[in-house]
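# Close look at the chain arrangement
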Amino acid sequence: MLANIWKRRRNKILFLLLLSSICFCSKQQENRLASVGSSSLYLSQVDTLWVENGRVRDYTEQWIEDELFFREAREQDLHHRQDIKREIREAERQILVQAYVENYIRPRVTVSDSEITEYYQEHTDDYTASEKLYRIKLLYLPEDSFNASLAESLADSLKENPALFDSFVVRYSDNSFQQNSDLGYLSQDELPSFVVDNLRKLRYSKVVGPMKSEFGFYFIKLDGIKEKGEVLELEQVRPIIRSQIYTQKFDSLIDSMADSLKQIYQVSVNDSLLDEL
């Protein structure tokens, strides 16, 4: 009797598991945007910005193109070439270094409000404009095929709502760039040339971009202007001071941890050769 009850319960459980599996697979099929061989692209893998701007098809087409070239490159055994193997190893090395920094170093760096206030009070003269100053922020996307399309999507969104700029910096820039995206208040002579070239446009549109450089794509935002003699209030420079203190602490911690790791891993330096170079 008990055996029959358990058998019926087991069959019911197996049926429910099978049903849920079928539903899950069906749901996956519905959300699959494209496939190339055994590789698939699902809607859940696409950043919401592409969805919000109605450019999921553009993303999908770019993914298909990249996947095709990736597969053909392997067919041509390019991944076995020594020079490409070195590039792959170096890319892996950089990814792991960045992952270590993001997971084990950055979380240890904090800046308190009291530190910011103390710094401001000790450097008040630094925040009195001796000439006309411009507060500039940058958004940077490394150059690749996806970011070329992403830059156009960001441009559309920023044209409608420039206030999205800061959230896009957090969302699409890596942490190392985020900490330096706010250039602070600078005179025209101190600004990078590509910013100076766009100052006239910035006075009207507040955000300019994307601009193509040898490294990737840039957006520029004019976030404020101070006339000569004006004192910058603490709240106006709080993000700038936070970034300055954060950078100092981060650099100090990097040096300290590197020195500690040198005691663990064998390090040798050919000083005589380096001095000749």
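Note that the structure is a prediction, hence the values are computed from the model and not measured.

Analysis parameters
Residues numbered from 1 in each chain as written. Predicted model: local features only at pLDDT ≥ 70, side-chain atom pairs only at ≥ 80, totals over all residues. Heavy atoms only, no water. Axes fitted to C-alpha atoms, helices over the stretch in contact; angles between N-to-C directions. Helix = DSSP H or I, 4+ residues; strand = E, 2+ residues; numbered from the N terminus. Parallel < 35°, antiparallel > 145°, perpendicular 65-115°, else oblique. Contact = heavy atoms within 4.5 Å. Patch = residues over 30% accessible without salt bridge, like charges linked within 9 Å, V, L, I, M, F, W, Y side chains within 5 Å. Areas by Shrake-Rupley, 256 points an atom, 1.4 Å probe, with all protein chains shown as cover. Salt bridge = Lys/Arg side-chain N within 4 Å of Asp/Glu carboxyl O. Buried < 20%, exposed > 50% of the residue type's maximum accessible area, 1.4 Å probe, protein only. Phe/Tyr/Trp six-rings, centres within 6.5 Å; stacked < 30°, edge-to-face > 60°. Lys NZ or Arg CZ within 6 Å of the ring centre and 35° of its normal. Expected span 1.5 Å × (residues − 1). Pairing = 2+ DSSP bridges.

## A word on the packing of helix α5 (residues 113-122) against helix α11 (residues 234-262)
Think of two packed helices as two axes; the pair is described by the angle between the axes and how far apart they sit. With their axes 9 Å apart at the nearest point, α5 and α11 run at an angle of 105 degrees to one another. Taken together, the axes of α5 and α11 lie roughly perpendicular to each other. For the pair α5 and α11, contact is made by D113, E115, I116, T117, Y119 and Y120 and by L234, V237, R238, I241, R242, Q244, I245 and K249, respectively.

## As for a nonpolar patch on the surface
Together, Y100, Y104, L261, I264 and Y265 make up an exposed nonpolar region whose accessible area comes to about 550 Å². With a relative accessible area of 33%, Y100 lands in the partly exposed category.

## What about the pattern of salt bridges?
For the coordinates displayed, the defined rule picks out 18 salt bridges. One salt bridge in this structure joins R238 and E235, with 2.7 Å as the shortest N-O distance. Note that R238 and E235 are positioned in helix α11 at a spacing of 3 residues, about one turn of the helix. On the basis of relative accessibility, which here comes to 17%, the residue R238 falls in the buried class. Relative accessible area serves as the criterion here: at 56%, E235 is assigned to the exposed category.

## Remarks on the packing of aromatic side chains
Evaluated as defined, the whole model comprises 7 aromatic pairs. Ring plane angle 40 degrees and centroid distance 5.3 Å describe the contact between F194 and Y218, whose orientation is recorded as tilted. Placement of the pair is F194 in helix α9 (residues 193-196) and Y218 in strand β6 (residues 216-226), with a sequence separation of 24 residues. Exposure remark for F194: the relative accessible area of 29% places this residue in the partly exposed category. Look at Y218 and you get buried, because its relative accessible area is 17%. In textbook terms, an aromatic cluster arises when at least three aromatic residues are bridged by ring pairs, as seen for Y140, F194 and Y218. Across from the ring centre of F250, 4.3 Å away, lies the NZ or CZ of R106, which sits over that ring. Its end group placed over the ring of F217, K212 keeps NZ or CZ at 5.7 Å from the ring centre.

## A short note on unusual backbone geometry
Note on backbone geometry: most residues besides glycine have negative phi, and most peptide bonds are trans. Cis geometry is adopted by the peptide bond preceding P210, which originates at G209 and carries an omega value of 5 degrees. Backbone geometry places D77, a non-glycine residue, at a positive phi of 60 degrees. Overall, D77 belongs to the partly exposed group, its relative accessible area being 42%.

## As for helix α4 (residues 82-105)
Taking 1.5 Å of rise per residue, 24 residues should cover 34 Å, and α4 covers 33 Å from first to last C-alpha, within 8% of that figure. Within the span of α4, buried status applies to V101, E102 and I105.

## Side note on the sheet that holds strand β4 (residues 182-186)
Spatially, 4 strands are ordered β4-β3-β6-β5 in an open sheet, and the strand pairing comes out antiparallel. The open sheet is flanked by β4 and β5 (207-212), the only strands paired with a single partner. Neighbouring strand axes in the sheet, compared pairwise and without regard to direction, differ in orientation by 20 degrees on average. Alignment of β5 against β6, held across 4 bridges, turns out to be antiparallel. Bridged to K212 within β6 is F217. Against the sheet, α11 contacts β3 (133-142), β4 and β6, and its axis sits at roughly 130 degrees relative to β4.

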